[in-house]
Amino acid sequence: SFTKEQQALMKVIIDAYNKHQIPQDVAKKLLQDKYSTEENFLLLTEMATSQVQVLVEFTKNIPGFLSLDREDQIALLKGSAVEAMFLRSAQALNKKMPIGHTEVLEERIRKSGISEEFIKPMFNFYKSIGELHMVLEEQALLTTITILTPDRPYVKDQPAVERLQETALDLLRKMCVLHHPQEPQYFARLLGRLTELRTLSHYHAEMLASWRVNDHKFTPLLCEIWDVQ
Ligand SMILES: Cc1cccc(C)c1-c1noc(C(C)C)c1COc1ccc(-c2ccc3cc(C(=O)O)ncc3c2)cc1
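**Quick word on the overall build of the protein chain**
Next, step 1: Along its length, the protein chain carries ten helices and zero strands.
Next, step 2: Tracing the protein chain from N to C terminus, the helices and strands come up as α-α-α-α-α-α-α-α-α-α.
Next, step 3: Computed over the C-alpha atoms, the radius of gyration of the protein chain is 17 Å, within 12% of the 17 Å expected from 2.2 N^0.38 for a compact globule of 229 residues.
Next, step 4: Its C-alpha atoms give the protein chain principal-axis dimensions of about 50 × 40 × 30 Å.
Next, step 5: The long-range share in the protein chain, meaning contacts at least 24 apart out of those at least 6 apart in sequence, stands at 76%.
Next, step 6: Put simply, the protein chain shows about 11700 Å² of open surface, and 57% of that area lies on carbon and sulfur atoms.
Next, step 7: Between the centroid of the 27 positive side chains of the protein chain and the centroid of its 31 negative side chains there is a distance of 3 Å.

**Considering helix H7 (residues 136-147)**
Next, step 1: Taking 1.5 Å per residue, twelve residues should reach 16 Å; H7 reaches 17 Å between its end C-alpha atoms and fits that length.
Next, step 2: Judged by how many residues are buried, H7 sits mostly within the fold: ten of twelve residues are covered.
Next, step 3: Residues of H7 that are buried make contact with helix H1 (4-19), helix H3 (37-60), helix H4 (70-94), helix H8 (158-179) and helix H9 (186-213).

**A short note on the pattern of salt bridges**
Next, step 1: Applying the stated criterion across every chain yields a total of 15 salt bridges.
Next, step 2: Lys111 is the partner of Glu107 in a salt bridge, and the nearest nitrogen-oxygen pair spans 3.5 Å.

**Focus on the nonpolar core**
Next, step 1: In this structure, Ile109, Phe125, Tyr126 and Trp226 are the most contacted members of the largest nonpolar core, which totals 76 residues.
Next, step 2: In terms of residue count, H4 provides more of this core than any other element does, twelve residues in total.

**Examining the packing of helix H5 (residues 101-110) against helix H6 (residues 116-132)**
Next, step 1: Where H5 meets H6, the closest approach of the two axes is 11 Å, and the angle between their N-to-C directions is 160°. Between H5 and H6, the interaxial angle falls into the category roughly antiparallel. Here H5 runs over H6; the crossing is right-handed. When H5 is examined against H6, the residues Glu106, Ile109 and Arg110 are found in contact with a partner set consisting of Ile119, Met122, Phe123 and Tyr126.
Next, step 2: Considered class by class, the residues forming the contact of H5 with H6 number five nonpolar, no polar and two charged.

**Some remarks on the packing of H3 against H4**
Next, step 1: Relative orientation of the contacting elements H3 and H4 amounts to 110°, with a least axis distance of 10 Å. Of the possible angle classes, the one that applies to H3 and H4 is roughly perpendicular. Judged by the twist between their axes, the crossing of H3 over H4 is right-handed. The residues of H4 that touch H3, namely those facing Ala48, Gln51, Val52, Leu55, Val56 and Thr59, are Leu77, Ala81, Ala84, Met85 and Arg88.

**Thoughts on the side chain of Gln91**
Next, step 1: Of note, Gln91 is situated in helix H4.
Next, step 2: Ignoring anything within four residues of it in the chain, the contact list for Gln91 reads Tyr17, Met134 and Gln139.

Criteria and thresholds
Residue numbers restart at each chain and count upward from 1, following the sequence in its written direction. Predicted model: local features are reported for residues with pLDDT of at least 70 only, side-chain atom pairs are reported and counted for 80 or more only, and whole-chain, interface and lining totals are derived from all residues. Note that the side-chain values use all heavy atoms of the structure and ignore hydrogens as well as water. What counts as a helix is a DSSP run of H or I of at least four residues, what counts as a strand is a run of E of at least two, and both are numbered from the N terminus. We compute the radius of gyration from the C-alpha atoms alone; for a globule the expected value is 2.2 Å times N to the 0.38, where N is the number of residues. Here, two residues are considered to be in contact whenever any of their heavy atoms come within 4.5 Å of each other. Note on areas: Shrake-Rupley, 1.4 Å probe, and residue coverage restricted to the protein chains presented here. For the purpose of charge, His is not counted, nor are the chain termini; Lys and Arg are scored as positive and Asp and Glu as negative. Here the site of a charge means atom NZ of a Lys, CZ of an Arg, CG of an Asp or CD of a Glu. Here the expected length of a helix is defined as 1.5 Å per residue gap, with one fewer gap than residues. Accessibility here uses a 1.4 Å probe with only protein chains present; expressed as a share of the type maximum, an area under 20% marks a residue as buried, one over 50% as exposed, and anything in between as partly exposed. By definition here, a salt bridge exists when the distance from a side-chain nitrogen of Lys or Arg to a carboxyl oxygen of Asp or Glu is within 4 Å. Within this scheme, the nonpolar core is defined by two criteria: the residues are buried Ala, Val, Leu, Ile, Met, Phe, Trp, Tyr or Cys, and they are joined through side-chain atoms within 4.5 Å. What counts as an axis is a line fitted to C-alpha atoms, over the stretch in contact for a helix, and the angles between N-to-C directions run from 0 to 180 degrees. An angle counts as roughly parallel when it lies under 35 degrees, as roughly antiparallel when it exceeds 145, as roughly perpendicular when it falls between 65 and 115, and as oblique in every other case. A crossing counts as left-handed when the near helix is turned anticlockwise from the far one by less than a right angle, and as right-handed when that turn is clockwise. Residues are grouped as follows: nonpolar covers Ala, Val, Leu, Ile, Met, Phe, Trp, Tyr, Cys and Pro; charged covers Asp, Glu, Lys and Arg; every other residue, Gly included, is treated as polar.

So, in structure tokens, the structure goes:
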């Protein structure tokens, strides 16, 4: 059973997660009919930029986050943005988005100039997330836990981040017992996905480098959060 504080925390996180979504007019652009590698890259760049804005707003709603050292807040956002977007795009791909979005998003990611060696692990990850059948609370808490990872580069006050992350981990553990009573290992499986995310984050740095080699332009927000250009 949940304490009063845990119930309040869950409500705040779920409300923030539901409130901060990619605007439908941006998501709808996925359906436009141009499918060149260039067009796909531009569209995905627009989605990623919109997703980062959504991520920043979501993060500001995590109880305690705004009380952290300002520079640590930036370090946590920069360090977790790619992982949070892998989670969010995984949930989008697996949640049967509005008609046809799912296939279209997959198609555009596959045909956006990402080399095959990264496509394979990326879609294995998407599949492994889909097989977990996470409920919304678990998705929102897993994203929160990813953001509140204490050992990101340049974080000064790691214990302060650890305390916030532990609160979210306690809540996620109880949520898993509640929603997956038949699977005692479910919580451990979810945390295993976080390890997978770190690997994907390293692949992503190489993806960025190869896009840059081919003179692909990113938006100022992405350049800032990914330290490119
Ligand atoms: C390629 C890649 C894979 C994983 C992570 C990143 C950062 C990249 C990645 N790496 O670079 C890029 C760009 C810059 C080329 C990307 C592209 O990122 C994203 C990030 C998010 C989404 C996204 C998220 C939620 C959605 C929800 C809905 C809906 O609810 O209906 N619909 C569409 C949605 C689209 C798509 C591409």
